Amino acid sequence: MQSSAKMADFALSLPSFFSMSHTEVAPKIIDESRQGEVLYFAEDKAINHSGLKQFYIESYGCQMNFSDSEIVASILSGNGYSPTRDLDEADLILLNTCSIREKAEETVRKRLKTINKVKLARPGSMIGILGCMAERLKKSLLEEEKLVDLVVGPDAYRDLPRLLHQVEEGDKGINVYLSREETYADISPVRLESNGITAFISIMRGCDNMCSFCVVPFTRGRERSRDPFTIVSEAEHLFEKGYREVTLLGQNVDSYKWQNPETSEVYSFARLLEMVSLVHPDLRIRFSTSHPKDMTDDVLHMMAKYDNICKYIHLPVQSGNSRILSLMNRTYDREWYIHRVESIRRIVPECAISSDIISGFCSETDEEHKDTLSMITWADYSMSYMFMYSERPGTLAARKYKDDIDEEVKKTRLNEIIALQNAVSKAHNLRDEGKIYRVLIEGDSRKSQDEFKGRNTQNKMVVFGKQDGYKPGDYVNVLIESSTSATLMGRIV
Ligand code: 5AD
Ligand code: SF4
């Protein structure tokens, strides 16, 4: 979940409430501008909608959820449904939900109430909740509030056709079973709202880490890795279709581990990285998220070896203080983290590092908060995702510790973190002025059709004037002439 310290919140385009900050360059986490985005096929031309029922899907939360929506779209498309952008004409309305902070859940609940009005006007349409809220709230959504017809957890999407049939027969459809094996390895995701240049590939699911603040291990289940050969073939397929960048996604990519059932050969994340980087030198590889306790030098050496593995690591610190890190159950301390960053600097000197940071975790003192501030400066993050601690029911922290930091104090600390990160990002970008970067053109810039946007290897957004002969998907060299805390500006050279 990354950048200029724009203050923003979790969902839709709500006004800021200091619960997170992000930038549009983040591969992993919550891209605030995409919250509640209605996903639609990137390649609509070939679809014959006649005779098909229409589904409408809104996604919330992290990139993993957006990727899951592409799997859901693929399953539905093979089962008599076609996508629509129009809520009012949908036979099936799906919300792919997020539970990571309380605010995210509140947003979805509000949205459900609006959608229910649509349902009243259009009897016969079905409403479904997918994703992380499914497991947590199945009872209240389905039984008490009667807001939805369908509740499907992140490991049960293959069951959607059966569940839909059940709903059509007048029953409720529910499956929140969390699997130890499901990776959807064989399902080719339908690319939704894609720019046709950059895509995400899910390489693993779930998380075994049990950070004490985090609900993910409960909502997405145990960690499992996907067959590397299916990952490589997805990357090859994307390259053939014109994509030039893939981001390998997992809650903790460094613990990727797949054992060939026939040969017992073990595939680590470093090995997977190499396999994907060999698909084609013009296919860029990114990955997210790395956990400081698991990030190995092998991965760093692989990054240094291949030009097409981007020099950027999202390495969430969460807190700069060792006592808080221990309460968070992150299983590393400040010194360990510093050591990891030093290894990155030694092995991949040009690598940019970004972070996730939580303010006001249980019992955090002002002094301990200052350790987080000093870490931002020391680690020189290109950007960070910054959050106020939000207690989640059922987590280790909710059971063991008191959520005892006053909201105002959490907010003040978050503001300090954001202000400092902003300054650090700005200085980081200022140092890029005068440098030439190879940039992959992703499309028009947000502000002008006369400008392209794309990212450099360090995942920084670069905006530059168009020149004849260049199109999205091309690589260009851009001289950086100016910058803000979020963007580099320059010209093609
Ligand atoms: N409160 C605040 N932030 C949280 N995150 C995860 N759980 C919580 C919580 N309960 C943040 C962490 C994580 C990112 C995805 O979200 O920083 O890395
Ligand atoms: Fe949550 Fe920690 Fe797993 Fe990330 S590594 S998903 S923060 S438990």
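Each remark here, short or long, concerns the structure printed above.
Quick caveat, the model's predicted, so the values are computed rather than measured.

A tally of helices and strands in the chain yields 13 helices and 24 strands. The C-alpha radius of gyration of the chain comes to 22 Å, within 12% of the 23 Å expected for a compact globule of 493 residues. In terms of principal-axis extent, the alpha carbons of the chain reach across some 60 × 60 × 55 Å. The buried share of the chain, taken over its 493 residues, is 61%.

Another aspect to go through is the site of ligand 2. Taken together, C207, N209, M210, C211, F213, C214, V216, P217, Q251, H291 and R330 make up the full set of residues adjacent to ligand 2. For the shell around ligand 2, the per-class residue count stands at seven nonpolar, three polar and one charged.

Attention now moves to the sheet that holds strand β16 (residues 284-288). Spatial ordering of the open sheet is given by β10-β13-β16, a layout of three strands whose pairing is parallel. One side of each edge strand has no neighbouring strand; the edge strands of this open sheet are β10 (198-202) and β16. For this sheet, the mean inter-axis angle between neighbouring strands, taken without regard to orientation, is 25°. By the bridge criterion, five bridges tie strand β13 (residues 245-249) to β16 in an arrangement that is parallel. When the sheet's bridge partners are listed, V246 is paired in β16 with I285.

So, about the pattern of salt bridges. Taken as a whole, this structure holds 41 salt bridges when the rule is applied. Linking D155 and R224 is a salt bridge whose minimum nitrogen-to-oxygen distance equals 3.0 Å. Placement of the pair is D155 in the loop between β8 (150-152) and α4 (160-168) and R224 in strand β12 (residues 224-225), with a sequence separation of 69 residues. Measuring nitrogen to oxygen at the nearest pair gives 2.6 Å for the salt bridge that ties D380 to R431. Placement of D380 in the loop between α11 (366-379) and β19 (383-388) and of R431 in the loop between α13 (407-430) and β20 (436-444) is noted, with a sequence separation of 51 residues between them. D380 sits in the partly exposed class, given a relative accessible area of 23%. Where salt bridges share partners, they join D68, D155, R205, R220 and R224 into one cluster.

Parameters and conventions
Residues numbered from 1 in each chain as written. Chains lettered and ligands numbered in written order. Predicted model: local features only at pLDDT ≥ 70, side-chain atom pairs only at ≥ 80, totals over all residues. Heavy atoms only, no water. Helix = DSSP H or I, 4+ residues; strand = E, 2+ residues; numbered from the N terminus. Rg over C-alpha atoms; globule rule 2.2 N^0.38 Å. Buried < 20%, exposed > 50% of the residue type's maximum accessible area, 1.4 Å probe, protein only. Near = heavy atom within 4 Å. Nonpolar A, V, L, I, M, F, W, Y, C, P; charged D, E, K, R; others polar. Pairing = 2+ DSSP bridges. Axes fitted to C-alpha atoms, helices over the stretch in contact; angles between N-to-C directions. Salt bridge = Lys/Arg side-chain N within 4 Å of Asp/Glu carboxyl O.

Just distances and angles here, no functional claims.
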